[in-house]
Amino acid sequence: MGVPWTGSSDGGAAKVRGKFITLEGVDGAGKSTHLDWIAERIEAAGKKVVVTREPGGTPLGEELRKLLLAQPMHLETETLLMFAARREHLEQVILPALAAGTWVLSDRFTDATFAYQGGGRGLDLARIEILENWVHKGLQPDLTLVFDLTVEEAKRRRQLATAAPDRFEQEDLDFFGRVRSVYQARAARYPQRMRLIEASRAIPEIRQSLEEIVASICQ
Ligand code: TYD
């Protein structure tokens, strides 16, 4: 059986599929600072782009996000809700956009589940792979930018930016150390797709790196 999102059909005139770009990193690494700027670079290259986020991106997903960020729950419940929100997000936003030739820029995707529920909270990564294969077998981002920063510096930045930390932001440095390790390990394992961005640098320097990476994917 074919995977529904590996091709597109609109009655013969096949459209070029859009590209799927995701941003990742520990809370405080600065991905939100660069999100709109990256979207502008993609638009400047003549592509249509949808900016979205996880958990969230749909009305149901945003409701699930409120619960996930505030309500204590079993780790497996948390993981299943992340994927429930993701299923809606794929169905309503990501897949239709890509099929229509629109690019999708998402603030987090499944790498975050491996990093946070797997690394941070200790859920067996093989369990997450099962859900990944269930919900989006055959679909991976074309490019994942991982903003990488020491957990101490990320904490300092979070404290400057956030008055009311959510359930994840309240976790300790060890938690974020494990999250960061999983991101780094995945970036080493999937070098074609994932690029580590050294996020301790000043914003203009980071943008210079981003500019090159984004320009190459826009060609
Ligand atoms: P985040 O993306 O950091 O948004 P903001 O910048 O508004 O705080 O918040 C989402 C949180 O959800 C973040 O702490 C990571 C967490 N998360 C997971 O634990 N697993 C996941 O699969 C996803 C998508 C997010």
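In what follows, the structure referred to is the one given above.
None of these values were measured; they are calculated from a predicted model.

1. Things to note about the site of the ligand
Taken together, 17 residues lie around the ligand, and Asp27, Arg108, Thr113, Tyr116 and Gln117 are the ones closest in. Taking arginine 108, its side chain carries an N or O atom lying 2.7 Å from an oxygen atom of the ligand. In this structure, glutamine 117 approaches the ligand through a side-chain N or O atom, which is 2.8 Å from a nitrogen atom. Here the ligand has 550 Å² of accessible area as a free molecule, and 88% of this is covered by the chains. For the shell around the ligand, the secondary-structure elements that each account for two or more residues are helix H1 (31-44), helix H2 (59-70), helix H3 (75-99) and helix H4 (110-120). With 4 residues, H4 is the largest single contributor of residues to the shell around the ligand.

2. Some thoughts on the packing of helix H6 (residues 151-161) against helix H7 (residues 173-189)
The interhelical angle for the contact between H6 and H7, taken along N-to-C directions, is 115°, at an axis separation of 9 Å. As for how H6 packs across H7, the hand of that crossing is right-handed. Together, Val151, Glu152, Lys155 and Arg158 of H6 and Leu173, Phe176 and Gly177 of H7 make up the contact between the two elements. Split by residue class, the contact of H6 with H7 holds 3 nonpolar, 1 polar and 3 charged.

3. A closer look at the pairing of strand E4 (residues 143-148)
Taken across its 6 residues, E4 has 6 buried, putting it largely inside the fold. Burial along E4 is two-sided: the residues Leu143, Leu145 and Phe147 and Thr144, Val146 and Asp148 are all buried. As judged from the 5 bridges shared by E4 and strand E5 (residues 194-198), these two strands associate in the parallel manner. Bridging from a neighbouring strand, valine 146 pairs with leucine 196 of E5.

Analysis parameters
- Residues numbered from 1 in each chain as written.
- Predicted model: local features only at pLDDT ≥ 70, side-chain atom pairs only at ≥ 80, totals over all residues.
- Heavy atoms only, no water.
- Near = heavy atom within 4 Å.
- Polar contact = N/O pair within 3.5 Å; in protein donor to acceptor, adjacent residues only side chain to side chain.
- Areas by Shrake-Rupley, 256 points an atom, 1.4 Å probe, with all protein chains shown as cover.
- Helix = DSSP H or I, 4+ residues; strand = E, 2+ residues; numbered from the N terminus.
- Axes fitted to C-alpha atoms, helices over the stretch in contact; angles between N-to-C directions.
- Left-handed = near helix turned anticlockwise from the far one by under 90°.
- Contact = heavy atoms within 4.5 Å.
- Nonpolar A, V, L, I, M, F, W, Y, C, P; charged D, E, K, R; others polar.
- Buried < 20%, exposed > 50% of the residue type's maximum accessible area, 1.4 Å probe, protein only.
- Pairing = 2+ DSSP bridges.

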